Amino acid sequence: MARMNVVDAINSALSNELKKDKRVIVLGEDVGVNGGVFRVTDGLQKKYGSDRVVDTPLAELGIVGASIGLAVNGMRPVAEIQFSGFMYGPFDQLFTHAARIRSRSRGRFTVPMVVRTPYGGGIRALELHCESGESFFAHATGMKVVIPSRPYDAKGLLISAIRDPDPVIFMEPMRVYRAIKEEVPETEYTVPLGKANIEHEGSDLTVISYGAMLKYTKQALEKSDYSAEIIDLRTIVPLDTETIINSVKKTGRCIIVHEAPKTCGFGAEIIARINEKCFFNLEAPVERVTGFDVAFPLAKSENHYLPSEKRILKAVDKVMKQ
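Residues numbered from 1 in each chain as written. Predicted model: local features only at pLDDT ≥ 70, side-chain atom pairs only at ≥ 80, totals over all residues. Heavy atoms only, no water.

Caption draft 1: Highlighting helix α1 (residues 6-20). Its 15 residues place the ends of α1 21 Å apart at the C-alpha level, agreeing with the 21 Å of an ideal helix rising 1.5 Å per residue. In terms of burial, α1 is a largely internal element, 12 of the 15 residues being buried. Here α1 has its buried residues at Val6, Val7, Ala9, Ile10, Asn11, Ser12, Ala13, Leu14, Ser15, Asn16, Glu17 and Leu18. (Helix = DSSP H or I, 4+ residues; strand = E, 2+ residues; numbered from the N terminus. Expected span 1.5 Å × (residues − 1). Buried < 20%, exposed > 50% of the residue type's maximum accessible area, 1.4 Å probe, protein only.)

Caption draft 2: Broad picture of the pairing of strand β5 (residues 114-119). Buried residues dominate β5, accounting for 6 of its 6 residues. Covered by surrounding structure in β5 are Val114, Arg116 and Pro118 together with Val115, Thr117 and Tyr119, the residues of both alternating faces. In this structure, strand β4 (residues 76-80) lies alongside β5, joined through 3 bridges in parallel fashion. Bridge pairing links glutamate 80 to arginine 116 in β5. (Pairing = 2+ DSSP bridges.)

Caption draft 3: Expanded view of the pattern of salt bridges. One pass over the structure, following the stated rule, counts 19 salt bridges. The partner of arginine 163 in a salt bridge is glutamate 17, with the nearest N and O atoms 2.9 Å apart. Taken as a pair, arginine 163 in helix α7 (residues 151-163) and glutamate 17 in helix α1 lie far apart in primary sequence, 146 residues in all. Its salt-bridge partner being arginine 150, residue glutamate 182 comes within 2.9 Å of it at the nearest N-O pair. With glutamate 182 in strand β8 (residues 182-184) and arginine 150 in the loop between β6 (144-146) and α7, this pair connects stretches of sequence that are 32 residues apart. Relative accessible area serves as the criterion here: at 14%, glutamate 182 is assigned to the buried category. (Salt bridge = Lys/Arg side-chain N within 4 Å of Asp/Glu carboxyl O.)

Caption draft 4: Region of interest: the packing of α1 against α7. Where α1 contacts α7, the two axes come as close as 8 Å, and the packing angle between them is 30°. One finds that α1 runs roughly parallel with respect to α7. Here α1 runs over α7; the crossing is right-handed. Contacts between α1 and α7 pair Val6, Ala9, Ile10, Ser12, Ala13, Leu14, Asn16, Glu17 and Lys20 from the former with Pro151, Ala154, Lys155, Leu158, Ile159, Ile162 and Arg163 from the latter. (Axes fitted to C-alpha atoms, helices over the stretch in contact; angles between N-to-C directions. Parallel < 35°, antiparallel > 145°, perpendicular 65-115°, else oblique. Left-handed = near helix turned anticlockwise from the far one by under 90°. Contact = heavy atoms within 4.5 Å.)

Caption draft 5: Structural view of helix α10 (residues 266-278). Here α10 spans 18 Å end to end across 13 residues, near enough to the 18 Å set by a 1.5 Å rise per residue. Within the span of α10, buried status applies to Phe266, Gly267, Ile270, Ile271, Ile274 and Cys278. The buried residues of α10 all sit within an arc of 145° when viewed along its axis, so they share a single face. Lining the buried residues of α10 we find α6 (134-138), β10 (205-209), β12 (235-237), α9 (241-251), β13 (254-261) and β14 (287-291). (Arc of directions from axis to C-beta.)

Caption draft 6: Spotlight on the state of the cysteines. Following the criterion strictly, the structure yields 0 disulfides and no others. With no disulfide of its own, cysteine 254 lies 8.4 Å from the sulfur of cysteine 278, the closest cysteine sulfur. Assessed through its relative accessible area of 0%, cysteine 254 is described here as buried. Judged by relative accessible area, which is 2%, cysteine 278 ranks as buried. (Disulfide = S-S within 2.5 Å.)

Caption draft 7: The arrangement of the side chain of serine 15 in detail. Structurally, serine 15 can be placed in helix α1. A relative accessible area of 10% places serine 15 in the buried class. Side-chain polar atoms of serine 15 contact the side chain of lysine 47, separated by 3.4 Å. The residues touching serine 15, leaving out its near neighbours within four places in the chain, are Leu44, Lys47 and Tyr48. (Polar contact = N/O pair within 3.5 Å; in protein donor to acceptor, adjacent residues only side chain to side chain.)

Caption draft 8: Broad picture of the packing of helix α3 (residues 60-72) against helix α4 (residues 91-98). At their nearest, the axes of α3 and α4 sit 9 Å apart, and the two run at 20° to each other. Classified by the interaxial angle, the pair formed by α3 and α4 is roughly parallel. Crossing hand, α3 versus α4: right-handed. Facing α3, whose interface residues are Leu61, Val64, Gly65 and Ile68, α4 presents Gln93, Leu94, His97 and Ala98. Residues that form the contact of α3 with α4 fall into these classes: 5 nonpolar, 3 polar and no charged. (Nonpolar A, V, L, I, M, F, W, Y, C, P; charged D, E, K, R; others polar.)

Caption draft 9: Examining unusual backbone geometry more closely. Cis peptide bonds are those with omega within 30 degrees of zero, and the linkage from valine 237 to proline 238 qualifies with -5°. You can see proline 238 is positioned in the loop between β12 and α9. With phi around 70°, leucine 128 is a residue other than glycine that occupies positive phi space. By the secondary structure assignment, leucine 128 is in the loop between β5 and α6. Although it is not a glycine, arginine 234 adopts a positive phi angle of roughly 70°. The class of arginine 234 is buried, set by a relative accessible area of 9%.

Caption draft 10: Broad picture of the sheet that holds strand β3 (residues 53-55). Spatial ordering of the open sheet is given by β3-β2-β4-β5-β7-β6-β12, a layout of 7 strands whose pairing is mixed. The open sheet is flanked by β3 and β12, the only strands paired with a single partner. Neighbour-to-neighbour, the strand axes of this sheet turn through a mean angle of 20°, independent of strand direction. Lying over the sheet, α3 contacts β2 (24-28) and β4, oriented at roughly 170° with respect to β4.

Function cannot be read off these values alone, since they describe shape.
Structural data, given as structure tokens:
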């Protein structure tokens, strides 16, 4: 075991899989010599060679297109897109090819590839660097969408994603890249895709979050007088509906916290499933604490956009007093 942050854990996962499986290849802008913009892939090219950890041109469409071709032909590429705001160019390839080749070929071909990308706000980055567009990818039936919130899960989920037979979008919350450290095995292990984690059991209300917001949601709830059951989704596709419903049936109240905009944010899908499966167990309407329906602001206004402790606690009081 070693004390790792999210950056260390992802690096360890990539190293484990590069060593274990010769089909695994890492490719992206600056992933080799420089070790990536956040140094997530630091040292991997020196260890495994430039034919396994490949520096590509500044061309997201080329990175994703090449990865799809590699995956269809038996490789297991792990592509890095430096920031999630640059995912929208190759979205067409992901949506129309990577996500559909299995169904289009009636199972003859699969696309075992991972696209890693830092996402989310909180680091004062530039425009198109801080978006939370996870719902875009959730619409692309045939792809999985994974969002870790802590080092242990980051490593286990990434190994599972690399070994999965279908394309996986692996969204890494930049805000907690180095903000959390915990004990992580240096050897390989997996965390299953599609299984949420109950971070803390409670009886008064269910609070659902994922990614960087989980850390700040937990901190806010420490100041609450109520017993909150906290769920970390870990993957939004597939979504662990069973864990959500069982918790809401127990508590009767629910809050969802994410930093993506409110309209068509993933919280809306969670509310829809709660209403379908346990509406009569609710003691109050489900509350959402989210980003706003505006473009992600520049650094000066960033803290006003992201869900805050004050907004989370206000939502707690609202659902508990109805």
